[in-house]
Amino acid sequence: MQRIAVLLFPGFQMMSLAAISAFEFTNLELGEQAYDIAYLSETGGPIQGSFGVTMETTPFDDPAFDTLLVSGAVGIKLPTPGEGEFIRNALAASRRVASICTGAFLLADAGVLDGRRATTHWLLARELQSRYPRVRIEEDRIFIIDGSVWSSAGMTAGVDLALAMVEKDHGANIARAVARKLVVYHRRAGGQSQFSALLELEPKSDRIQKALAHARGNLKNKLSVEELAEAAALSPRQFSRTFRAETGQSPAKAVENLRLEAARLMMEQGRHPIDVVAAETGFADRERMRRAFLRAFGQPPQAIRRNAQREYQA
């Protein structure tokens, strides 16, 4: 049985606890208590979270847990001297130390992120980098593993981080089964972007939303303005004008972003040849896809795949 400690503090963000469900459902899937969860705080006793819910905690002393998860806050929360010391001791005594969302500020302030790669919520990533220049912040990541230190982006990315831990501990089949029961994707790779192409577009009308849904489901097509306009039940001229007014992008640029998002995910999570990825996502050939990757990510597709595989094997 692996003991997981969750470090809480007054005002901790309640969504931080969502990650615990991955360990709970692993126990159910295995039919045994593979994980035991302990909720800790500096003082012990009841600790009130951000939404008024109170968690009962025990005071921390021995840091020798298998994994320490440091919860996040709605804003920036820095550790007290006692919390900082406990986190530093846990780095030496535990197999893994991890932060969820802005919990990265507690790890950074305690010094455990010095010289390491880390991530946090994109809204505060640059603030984290500014305060702690010795940390190598990568703001556009779902989660990052650097040795024994793990860090996740927003609160829901903590679930992806926990599923990755389950996969490390019990294999891909168990993690996949747990993800299905949680009704989440299995599993978003750590290198996946925190941003969604569809969320960035934020179309306002049902017609433009239908056109984008058609595009996302038919990336192998050429997806001309005429095809998208037909899906939106608009004339090509009216569609182009309405699309740009609602999204701030041209249809061609939006389609390329959807193709890039799908291709990057395929490169990170699969072993398909690059030619297959290019064909499946509508880039037609690998050279066109390579140029698009360089413009968008500053790296070719092969580098994206190598980085994802290296992180998974860490």
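Refer to the structure printed above.
The structure contained in this document is the topic of the report that follows. (Residues numbered from 1 in each chain as written. Predicted model: local features only at pLDDT ≥ 70, side-chain atom pairs only at ≥ 80, totals over all residues. Heavy atoms only, no water.)

## As for the side chain of threonine 57
In this fold, threonine 57 is placed in strand β4 (residues 54–59). Given a relative accessible area of 5%, threonine 57 falls into the buried group. Among the polar contacts made by the side chain of threonine 57, one reaches the side chain of serine 41 at a distance of 2.7 Å. Of note is the side chain of threonine 57, whose polar atom sits 2.7 Å from the backbone oxygen of glycine 45. Once residues within four sequence positions are removed from consideration, threonine 57 is found in contact with Leu8, Tyr39, Leu40, Ser41, Gly44, Gly45 and Ile47. (Helix = DSSP H or I, 4+ residues; strand = E, 2+ residues; numbered from the N terminus. Buried < 20%, exposed > 50% of the residue type's maximum accessible area, 1.4 Å probe, protein only. Polar contact = N/O pair within 3.5 Å; in protein donor to acceptor, adjacent residues only side chain to side chain. Contact = heavy atoms within 4.5 Å.)

## Section: the nonpolar core
Core analysis: the largest hydrophobic core is formed by 66 residues, its most contacted members being Phe12, Phe23, Leu68, Leu69, Ile87, Leu107 and Leu113. At eight residues, the largest contribution of residues to this core is made by helix α5 (residues 157–170). Sequence-distant contacts of leucine 68, defined by excluding residues within four places in its chain, comprise Ala5, Leu7, Phe86, Ile87, Ala90, Arg96, Val97 and Ala98. (Core = buried A, V, L, I, M, F, W, Y, C linked by side-chain atoms within 4.5 Å.)

## A few points about helix α1 (residues 20–30)
Three or more residues of α1 are buried, namely Ile20, Ser21, Ala22, Phe23, Thr26 and Asn27. Its buried side turned inward, α1 meets β1 (2–7), β2 (35–41), β5 (67–70), α5 and α6 (172–182). Just downstream of α1 lies glycine 31, where phi reads positive at about 75 degrees.

## A short note on the packing of α1 against α6
For the pair α1 and α6, interaxial distance at closest approach is 9 Å and the crossing angle is 115 degrees. With respect to α6, the element α1 is oriented roughly perpendicular. Crossing handedness for the pair α1 and α6: right-handed. Here Ser21, Ala22, Phe25, Thr26, Glu29 and Leu30 of α1 come into contact with α6, specifically with Ile174, Ala177, Val178, Lys181 and Leu182. Of the residues assigned to the contact of α1 with α6, the class counts are seven nonpolar, two polar and two charged. (Axes fitted to C-alpha atoms, helices over the stretch in contact; angles between N-to-C directions. Parallel < 35°, antiparallel > 145°, perpendicular 65-115°, else oblique. Left-handed = near helix turned anticlockwise from the far one by under 90°. Nonpolar A, V, L, I, M, F, W, Y, C, P; charged D, E, K, R; others polar.)

## Describing the packing of aromatic side chains
Under the counting rule described, the total for this entry stands at four aromatic pairs. Arranged with centres 4.3 Å apart and planes meeting at 20 degrees, the rings of phenylalanine 60 and phenylalanine 86 form a pair that is stacked. With phenylalanine 60 in the loop between β4 and β5 and phenylalanine 86 in helix α2 (residues 81–93), the pair connects residues that are 26 residues apart, well separated along the chain. The two residues phenylalanine 60 and phenylalanine 86 agree in class, both being buried. Seen from the ring of phenylalanine 9, lysine 77 lies directly overhead, with NZ or CZ sitting 5.2 Å from the centre. Just above the ring of phenylalanine 297 sits the side chain of arginine 264; from NZ or CZ to the centre is 4.6 Å. (Phe/Tyr/Trp six-rings, centres within 6.5 Å; stacked < 30°, edge-to-face > 60°. Lys NZ or Arg CZ within 6 Å of the ring centre and 35° of its normal.)

## Quick word on the pairing of β5
Of the two faces of β5, both are covered, the one formed by Thr67 and Leu69 as well as the one formed by Leu68 and Val70. Direction of pairing for β1 relative to β5: parallel, over a ladder of four bridges. Note on β5: the bridge partner recorded for valine 6 is leucine 69. (Pairing = 2+ DSSP bridges.)

## Quick notes on the packing of helix α9 (residues 225–232) against helix α10 (residues 236–247)
The geometry of α9 relative to α10 is characterised by a closest axis approach of 9 Å and an angle of 85 degrees between their N-to-C directions. By the angle class used here, α9 and α10 are roughly perpendicular. Contacts between α9 and α10 involve Val225, Glu226, Leu228, Ala229 and Ala232 from the former and Pro236, Phe239 and Ser240 from the latter. Of the residues that constitute the contact of α9 with α10, the class distribution is six nonpolar, one polar and one charged.

## Examining the pairing of strand β10 (residues 149–152)
Covered by surrounding structure in β10 are Val149 and Ser151 together with Trp150 and Ser152, the residues of both alternating faces. Examined bridge by bridge, strand β6 (residues 96–99) and β10 share three bridges and lie parallel to one another. Note that in β10 the partner of serine 99 across the bridge is serine 151. As judged from the four bridges shared by strand β9 (residues 143–146) and β10, these two strands associate in the antiparallel manner. The residue bridging isoleucine 145 from the neighbouring strand is tryptophan 150, located in β10.

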